[in-house]
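Listed below are the residues making up each chain.
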Amino acid sequence: MKDQPDNLTSILLPQARVALHVLDDQLLKAVEELKADWRFSRITFELHKGQVSSAISIYQTTESPELVIMETPTIDDSLTQQLEDLAQHCASHTSAVVIGPVNDVYLYRRLIQMGVSDYLVKPLSKNVLADVIARTLIEKFGNSESRLITFMGAKGGVGTSTLAQVTAQAVAKTLQQKTIILDAAGGSSYLTISLGLEPVTSLKETLRALLSTDQDAFHRMIQKVNERLSVLATGADLVLDDPLAAEGFEQILDRLMETYPVVILDLSNASSSIKRIAAARSHEIVIVSAPILPSLRSARSLMQEVKDIRGGEGKDIELVVNMTGQAKEFEVSKDDIQKTLGQDFLNISFDAKVFHYAEIQGKNILDVKGSEMMVQGLLDLVQKVISSDQAPLKLTEALKPASFLDRLVKTVKGS
Ligand SMILES: Nc1ncnc2c1ncn2[C@@H]1O[C@H](COP(=O)(O)OP(=O)(O)O)[C@@H](O)[C@H]1O
Ligand SMILES: [Mg+2]
């Protein structure tokens, strides 16, 4: 098993078919449990009581799935022969994982060379199985390195867009990560303008370009703010137009995550369906609230809804209470916020000198004196999902499960 940060797989997995050809009842039971896990809600599991031979016979007549997991009781030459047979019947998009009886490093290497994505040894816990499925699919769909960090506001005007931008600037400058920021607000997005650029497209046009054969058109919609920070330059949408459907938005996200290690998403003014999909797909969700009761109540509900979408897990949901001190006498105290919301939060003071000055002068807040603590606070909040293992998963080319069939064919031809 390869090491990896656990937040990598704590996301909603892409739609895919995963077939298991196993005899072990415990494994079958583990799969039943995975079906109820929120991360696997788009996965169709196909369970077959059998081994590699059952997979061979089934995929002679039906299309093979994205991932096939097979149990083998023996690890002699007949296994590699069977896998070669299997590959002849698998589609090129199929990845394979083998579960065997003993730990054998030579066999492991041999199988990996053949294009098998992983070799696991019995007994297998539900968590290990979950992890290998998640990792194989994430790698397969091409965004294994990228981290999606989403900002949502408890209500409008609490500074969500501003803090998303500051975070993007800081991640690019201080953490030196190639970063992109995008806003799902359509025609009411000021993101591109506040980054000193002109909107050149709408979300719908972006999706059309992405789906067209002219990929240059899509690339022109991405503008560089500086060496490491880019923005999807939307905002030219019609203000009264309907929002882009969540499925289309997700396709845009997927494409950006193929290229950018860090994707920052501003959902201060997005549709509920986009918020839902982002809540499930993000590695981290930052919820911004003002320190006043109506905003905090709405933050609490939003946090609970996001948590429910993430299967009851709240560990990657962060709270920022922004603009404290603006109207002291009406604000809820820090202790009471902590008690009522039941979690720590980042406190950011109201600071007209920094925020309004930057906005009016069109300056990057990072360059405005007095912003340092606030910037560091935001960095601390997101750093845990970015810095843990931002380098690719240190996969060797051979471990990338792009195509079981292709690699096997190459190995057979070369040997
Ligand atoms: N901590 C702060 N102190 C002072 N002004 C702030 C602060 N945070 C945000 N602002 C200002 O509040 C206004 C609204 O922010 P914005 O990010 O557009 O909110 P939202 O996206 O939540 O609607 C902007 O003018 C921004 O500069
Ligand atoms: Mg906004």
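Residues numbered from 1 in each chain as written. Chains lettered and ligands numbered in written order. Predicted model: local features only at pLDDT ≥ 70, side-chain atom pairs only at ≥ 80, totals over all residues. Heavy atoms only, no water.

**A look at the site of ligand 1**
Phase 1 of the analysis: The environment of ligand 1 is formed by 17 residues, the closest being Gly157, Ser161, Thr162, Asn322 and Glu359.
Phase 2 of the analysis: For ligand 1, whose unbound accessible area comes to 570 Å², protein coverage reaches 82%.
Phase 3 of the analysis: Its atoms largely coinciding with the cavity grid, ligand 1 occupies the largest pocket.
Phase 4 of the analysis: At the level of secondary structure, the elements contributing two or more residues to the shell around ligand 1 comprise helix 6 (160-173), strand 12 (317-324), strand 13 (346-349) and helix 14 (352-361). (Near = heavy atom within 4 Å. Areas by Shrake-Rupley, 256 points an atom, 1.4 Å probe, with all protein chains shown as cover. 1 Å grid on protein atoms, 1.4 Å probe; cavity = no way out; pocket = protein on both sides within 12 Å on 5 of 7 lines; lining within 4 Å. Sits in = over half its atoms within 2 Å of the grid points. Helix = DSSP H or I, 4+ residues; strand = E, 2+ residues; numbered from the N terminus.)

**Structural notes on the side chain of Thr136**
Phase 1 of the analysis: When you line up the elements, Thr136 lands in helix 5 (residues 126-140).
Phase 2 of the analysis: A distance of 2.5 Å separates a polar side-chain atom of Thr136 from the backbone oxygen of Val132. (Polar contact = N/O pair within 3.5 Å; in protein donor to acceptor, adjacent residues only side chain to side chain.)

**Section: the environment of Ser64**
Phase 1 of the analysis: Topologically, Ser64 is positioned in the loop between helix 2 (52-59) and strand 3 (67-71).
Phase 2 of the analysis: Sequence separation between Ser64 and Val200 is 136 residues, and the spatial gap between their C-alpha atoms is 42 Å.
Phase 3 of the analysis: Here Ser64 is in contact with Arg17, Tyr59, His89, Cys90, Ala91, His93 and Thr94, once residues within four sequence places are set aside.
Phase 4 of the analysis: At a separation of 2.6 Å, a polar atom in the side chain of Ser64 contacts the main-chain amide nitrogen of Ala91. (Contact = heavy atoms within 4.5 Å.)

**Regarding the sheet that holds strand 6 (residues 147-153)**
Phase 1 of the analysis: Strand order across the open sheet formed by 8 strands is 8-9-7-10-6-11-12-13, with mixed pairing between neighbours. Two strands close off the open sheet at either side, each with one partner strand: strand 8 (222-224) and strand 13. Sheet twist, expressed as the mean angle between neighbouring strand axes with direction ignored, is 25°.
Phase 2 of the analysis: Summarising the sheet, strand 8 and strand 9 (residues 229-232) pair through 3 bridges and their orientation is antiparallel. Bridged to Gln223 within strand 9 is Val231.
Phase 3 of the analysis: Strands strand 6, strand 11 (284-289) and strand 12 of the sheet are contacted by helix 12 (residues 293-309), whose axis makes an angle of about 165° with strand 11. (Pairing = 2+ DSSP bridges. Axes fitted to C-alpha atoms, helices over the stretch in contact; angles between N-to-C directions.)

**Details of the pattern of salt bridges**
Two side chains bearing opposite charge may form a pair once their charged atoms approach each other closely.
Phase 1 of the analysis: Counted under the stated rule, the structure contains 20 salt bridges.
Phase 2 of the analysis: Of the charged contacts, one joins Asp241 and Lys204 as a salt bridge, the two residues approaching to 3.4 Å between their closest N and O atoms. You can see Asp241 sitting in the loop between strand 9 and helix 10 (246-259) and its partner Lys204 sitting in helix 8 (residues 203-211), a full 37 residues away along the chain.
Phase 3 of the analysis: A relative accessible area of 39% places Asp241 in the partly exposed class.
Phase 4 of the analysis: Using a relative accessible area of 28% as the deciding quantity, one classes Lys204 as partly exposed.
Phase 5 of the analysis: Of the charged contacts in the structure, one is a salt bridge between Lys384 and Asp316, with a shortest N-O distance of 3.9 Å. In this pair, Lys384 sits in helix 15 (residues 372-386) while Asp316 sits in the loop between helix 12 and strand 12, placing the two residues 68 residues apart along the sequence.
Phase 6 of the analysis: The class of Lys384 is partly exposed, set by a relative accessible area of 36%.
Phase 7 of the analysis: Connected through shared salt-bridge partners, Glu284, Arg310, Lys315, Asp316, Glu318 and Lys384 make up one network. (Salt bridge = Lys/Arg side-chain N within 4 Å of Asp/Glu carboxyl O. Buried < 20%, exposed > 50% of the residue type's maximum accessible area, 1.4 Å probe, protein only.)

Worth remembering: the numbers are spatial, not functional.
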